[in-house]
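A structural walkthrough
Spelled out, the chains give:
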Amino acid sequence: MAIENVFDSASSVMTVISFITFVGIWAWAWAKPNQEGFAQAANLPFADEEERHV
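Residues numbered from 1 in each chain as written. Predicted model: local features only at pLDDT ≥ 70, side-chain atom pairs only at ≥ 80, totals over all residues. Heavy atoms only, no water.

Turning our attention to the overall build of the protein chain. Within the protein chain, the secondary structure is distributed over three helices and zero strands. When the helices and strands of the protein chain are read in sequence order from the N terminus, they spell out α-α-α. Of all 54 residues assigned to the protein chain, the portion counted as buried reaches 2%. With the model as given, the accessible surface of the protein chain reaches about 5,200 Å², and the carbon-plus-sulfur share is 68%. (Helix = DSSP H or I, 4+ residues; strand = E, 2+ residues; numbered from the N terminus. Buried < 20%, exposed > 50% of the residue type's maximum accessible area, 1.4 Å probe, protein only. Areas by Shrake-Rupley, 256 points an atom, 1.4 Å probe, with all protein chains shown as cover.)

Take a look at the structure:
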């Protein structure tokens, strides 16, 4: 019965850690400084075409 309590506690702790990690990644992705880099990365596939036509 004691081992069941350990697994229940570990499950709860991992749920909280996973949620905090998710919120941290979400906040990092939506941070203002990162949006410029993401915009440049989004246009990267089109960079080759521009170089060919120049």
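More follows now that the structure is in view.
Before going further, it helps to examine a nonpolar patch on the surface. A cluster of nonpolar side chains, contributed by V16, F19, I20, F22, V23, W26 and W30, occupies part of the molecular surface with about 820 Å² of accessible area. Following the sequence through the fold, I20 ends up in helix α1 (residues 2-29). Overall, I20 belongs to the exposed group, its relative accessible area being 56%. (Patch = residues over 30% accessible without salt bridge, like charges linked within 9 Å, V, L, I, M, F, W, Y side chains within 5 Å. Salt bridge = Lys/Arg side-chain N within 4 Å of Asp/Glu carboxyl O.)

It is worth spelling out the confidence of the model for the protein chain at this point. With 85% of its residues at a pLDDT of 70 or more, the protein chain has an overall mean of 81. The least confident element of the protein chain is helix α3 (residues 44-53), whose mean pLDDT is 69; the most confident is α1, at 90. (pLDDT = per-residue confidence, 0-100.)

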